[in-house]
Amino acid sequence: MSQETVSEQDGSIEAGRPRRWGFEQSPVNIRTDLLTHRRLPRLEFAYGNSAKIELEYVRHPADEPPGLGVHRPEENVAGHIRSHDHHLRVGDADYVLSEVHWHTPSEHLIDGRTFWAEHHLKHHRVDDPGDALVVAVFWEAGEDHPDLQRLVREFPRCRDNAEIITVDSVDLTRLVPTERASYRYRGSLTTAPYSEGVSWIVMASPLTARAATLAELETDFPGGTARSAHPLYRRTIETDVPRVR
Ligand SMILES: [Zn+2]
């Protein structure tokens, strides 16, 4: 295979050096002038309003997984949702929610713009657990989000003591915007092992939290927790966001 190189502008993490990743990596820069507008399978979030989330500090060393060269070590707080009560239907397909976690700044970009934060809701298909689907939601400063504040408050203790902390009665319905328009494409996990074959649904409307809450989230991991954008290559991004006239 030829040693293809990609430029910094393409968003490669290894600008000017041989590419080490596949052709369907995430995150990506979503260019709104290159979208495929079409009717998409309907999203039906059947999330509960009183979920238990187990916060756990996770860290992947710089050389994990082996063979991909040294990159930045990754750390974050993962919010496990152990009960299988929270579902997302995409058309006829039924997915169950298993985890939520936050990245600062956002990993996906819209026309090159980053948001203050982005969270990922990880799901797998009920009748095919190998089929992973992640819903991404952007955050910007605005109205208060009490549930985010309650969760973020626990992050330092979780990280410093490697302690699993349970937060009860989280309203998961408030972790997705009421406006359901989205961008959808095939990508990968954005943390080790960066497996491809992941369905991404990036919600077009951001959520808001107080600036102080988002700043707190950011200071927990001062180096940031966002992976750089990767080239789209031959992929297309589909959307049901109305066209701008
Ligand atoms: Zn993530």
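This section reports on the structure supplied with the text. For clarity, every value in this text was computed on a predicted model and none was experimentally measured. (Residues numbered from 1 in each chain as written. Predicted model: local features only at pLDDT ≥ 70, side-chain atom pairs only at ≥ 80, totals over all residues.)

## Thoughts on the pairing of strand 4 (residues 51-60)
- When strand 4 meets strand 11 (residues 165-170), the two strands line up antiparallel, connected through four bridges. Bridging from a neighbouring strand, Ile 53 pairs with Val 167 of strand 11.
- Two strands pair when backbone bridges link them, and strand 4 and strand 5 (residues 74-80) are joined in this way by seven bridges, in the antiparallel orientation. Bridge assignment links Glu 54 to a residue of strand 5, and that residue is His 80. (Pairing = 2+ DSSP bridges. Helix = DSSP H or I, 4+ residues; strand = E, 2+ residues; numbered from the N terminus.)

## Brief notes about the environment of Arg 82
- Mapping Arg 82 onto the fold places it in the loop between strand 5 and strand 6 (87-90).
- For Arg 82, a count of 12 C-beta atoms within 10 Å puts it in the exposed group.
- Between the C-alpha atoms of Arg 82 and Lys 52, which are 30 residues apart in sequence, the distance is 7.9 Å. (Buried ≥ 20, exposed ≤ 12 C-beta atoms within 10 Å, placed from the backbone.)

## A short note on the pairing of strand 10 (residues 128-141)
- Here nine bridges tie strand 9 (residues 117-125) to strand 10, and the two strands are oriented antiparallel to one another. Each bridged residue has a counterpart across the sheet, and for His 120 the counterpart in strand 10 is Ala 136.
- Linkage of strand 9 to strand 10, two consecutive antiparallel strands, is achieved through a turn of two residues.
- Pairing geometry for strand 10 and strand 13 (residues 196-203), over four bridges, is parallel. Its bridge partner lying in strand 13, Val 135 is registered against Ile 201.

## Description of the nonpolar core
- Counting residues in hydrophobic clusters, the biggest one holds 47 residues, and the most contacted among them are Ile 53, Ala 117, Val 135, Val 137, Trp 139, Val 202 and Met 203.
- The residues contacting Val 135, other than those within four sequence positions of it, are Leu 88, Leu 121, Val 176, Ile 201 and Met 203. (Core = buried A, V, L, I, M, F, W, Y, C linked by C-beta atoms within 7 Å. Contact = placed C-beta atoms within 7 Å.)

## Some words on the environment of Thr 191
- Mapped onto the elements, Thr 191 comes out in the loop between strand 12 (182-188) and strand 13.
- Residues Thr 191 and His 60 lie 131 residues apart in sequence; the distance between their C-alpha atoms is 8.4 Å.
- Setting aside chain neighbours within four positions, we find Thr 191 in contact with His 60 and Glu 74.

## A word on the environment of Val 135
- Inspection of the secondary structure puts Val 135 in strand 10.
- Residue classification places Val 135 among the buried residues on the basis of 24 C-beta atoms within 10 Å.
- Along the sequence, Val 135 and Lys 122 sit 13 residues apart, while their C-alpha atoms lie 6.7 Å from each other.

## With respect to helix 3 (residues 211-220)
- Listing the buried residues of helix 3 in full gives Thr 213, Leu 214 and Leu 217. End-on, the buried residues of helix 3 take up no more than an arc of 95 degrees, which puts them together on one face. Turned more than 90 degrees off the buried face of helix 3, the exposed positions are Ala 211, Ala 212 and Thr 219.
- Tucked inside the fold, the buried residues of helix 3 contact strand 7 (93-103), strand 9, strand 10, helix 1 (146-152) and strand 14 (207-209). (Arc of directions from axis to C-beta.)

## What to know about unusual backbone geometry
- With an omega of -15 degrees, the peptide bond between Thr 104 and Pro 105 qualifies as cis.
- As for its position among the elements, Pro 105 is in the loop between strand 7 and strand 8 (109-110).
- Ala 192 connects to Pro 193 through a cis peptide bond whose omega is 10 degrees.
- Within the element layout of this structure, Pro 193 appears in the loop between strand 12 and strand 13.
- At Tyr 194, a residue that is not glycine, the phi angle is positive and equals roughly 55 degrees.
- Residue placement: Tyr 194 occurs in the loop between strand 12 and strand 13.
- By C-beta crowding, Tyr 194 is classed as buried, having 20 other C-beta atoms within 10 Å.
- Even without a glycine there, the phi angle at Tyr 233 is positive, about 55 degrees.

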